[in-house]
Amino acid sequence: MEILIVSPSASVPNGNSNTARRWASELADLGHEVRISAGKDEGPADLLIALHAEKSHQALANFRSSHGAPIVVALTGTDLYPELSSTSLSSLEMADRIVVLQGKALARLPDGARSKARIIPLAVPSRPPLPGKDRATDDFTVCVVGHLRTVKDPMRTARAARLLPSGSRLKVLHAGAILEEKFAEEVAREEAENPRYQWL
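Visitor: Would you take a moment to explain the nonpolar core for this structure?
Guide: The tendency in soluble globular proteins is for nonpolar side chains to be buried side by side. One finds Leu48, Leu60, Val73, Leu75, Leu92, Ile98 and Leu109 to be the most contacted residues of the largest nonpolar core, which totals 24 residues. At the level of elements, β1 (2–6), β3 (47–51), α2 (57–66), β4 (71–74), α4 (86–94) and β5 (97–100) are the ones that each hand at least two residues to this core. Ranked by residues supplied to this core, first place goes to α2 with three residues. Excluding anything up to four places from it in sequence, leucine 48 contacts Leu4, Val6, Leu60, Phe63, Pro70, Ile71 and Val72. With 12 residues, the next largest nonpolar core counts Trp23, Val72, Ala74 and Val99 among its residues.

Below, the structure written as structure tokens:
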């Protein structure tokens, strides 16, 4: 099968582009021919997978009018929160299937879209701790991976860590670029005041 994955930020290192590359690799391993586009690929395909209902809308509409192949729309966090836009809702109407990445996202879909939705979690299954670790002295590290911009509420984990009792071993490591300048000062202040937080 020839599969086209549309990710509007395909050339930018972010969550959607990473998801597009990972899914392309997994689909290629299953024997499919896969190509990734930022939305300008008008060529034929047996299946279109679009990451981000709003930003991929025009590519979806072009594909739907030019090809009769099925369309899968994968909703991303910024599609769902704070709420689905009218453009995103239009994309969902065009979709044959909708993918959400966590179960609570289903509640944010309109009634007519839920029957088309499937959950594909991105998290790996949990596993028991490695042998030989001294659980009494090891820190519990929480990794936050996401660029710092308002829509992501990037400092929430750091603020939550401040509420823990003094005996907690939790540490927060945050990886992501500062995309909105206001977060540079907030990160510096958090690192200075919160010993549990470190920005990478």
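Moving on from the model shown.
Visitor: Please explain the packing of α2 against α4 as it appears in this structure.
Guide: Axis angle and axis distance: for two packed helices, these are the angle between their axes and the distance between the axes, and together they describe the pair. Following both chains from N to C, one finds α2 and α4 inclined at 30°, their axes separated by 10 Å at the closest point. Judged on the interaxial angle alone, α4 and α2 are roughly parallel. As for how α2 packs across α4, the hand of that crossing is left-handed. Of the residues in α4, those in contact with His57, Leu60, Ala61 and Arg64 of α2 are Thr87, Ser90, Ser91 and Met94. The residue inventory of the contact of α2 with α4, partitioned by class, reads three nonpolar, four polar and one charged.

Visitor: Any chance you could explain helix α1 (residues 15–29) here in plain terms?
Guide: One full turn of an α-helix is made of 3.6 residues, so residues set three or four places apart face in the same direction. Compared with an ideal rise of 1.5 Å per residue, which puts 15 residues at 21 Å, α1 spans 21 Å between its outermost C-alpha atoms and is within 8% of the ideal. Among all positions of α1, only Asn16, Ser17, Thr19, Ala20, Trp23, Ala24 and Leu27 are buried. Across the axial projection of α1, the buried residues extend over an arc of 155°, all falling on one side. Looking at the residues trailing α1, positive phi occurs at glycine 31, about 100°.

Visitor: Just checking my understanding: could you explain the sheet that holds strand β2 (residues 33–37) for this structure?
Guide: Strands sit in the order β2-β1-β3-β4-β5-β6 across an open sheet of six strands; the sheet is parallel. The open sheet terminates on both sides in strands that have one partner only, identified here as β2 and β6 (117–119). Direction aside, the axes of adjacent strands within the sheet are offset by 20° on average.

Each value, and the rule that gives it
Residues numbered from 1 in each chain as written. Predicted model: local features only at pLDDT ≥ 70, side-chain atom pairs only at ≥ 80, totals over all residues. Heavy atoms only, no water. Core = buried A, V, L, I, M, F, W, Y, C linked by side-chain atoms within 4.5 Å. Buried < 20%, exposed > 50% of the residue type's maximum accessible area, 1.4 Å probe, protein only. Helix = DSSP H or I, 4+ residues; strand = E, 2+ residues; numbered from the N terminus. Contact = heavy atoms within 4.5 Å. Axes fitted to C-alpha atoms, helices over the stretch in contact; angles between N-to-C directions. Parallel < 35°, antiparallel > 145°, perpendicular 65-115°, else oblique. Left-handed = near helix turned anticlockwise from the far one by under 90°. Nonpolar A, V, L, I, M, F, W, Y, C, P; charged D, E, K, R; others polar. Expected span 1.5 Å × (residues − 1). Arc of directions from axis to C-beta. Pairing = 2+ DSSP bridges.

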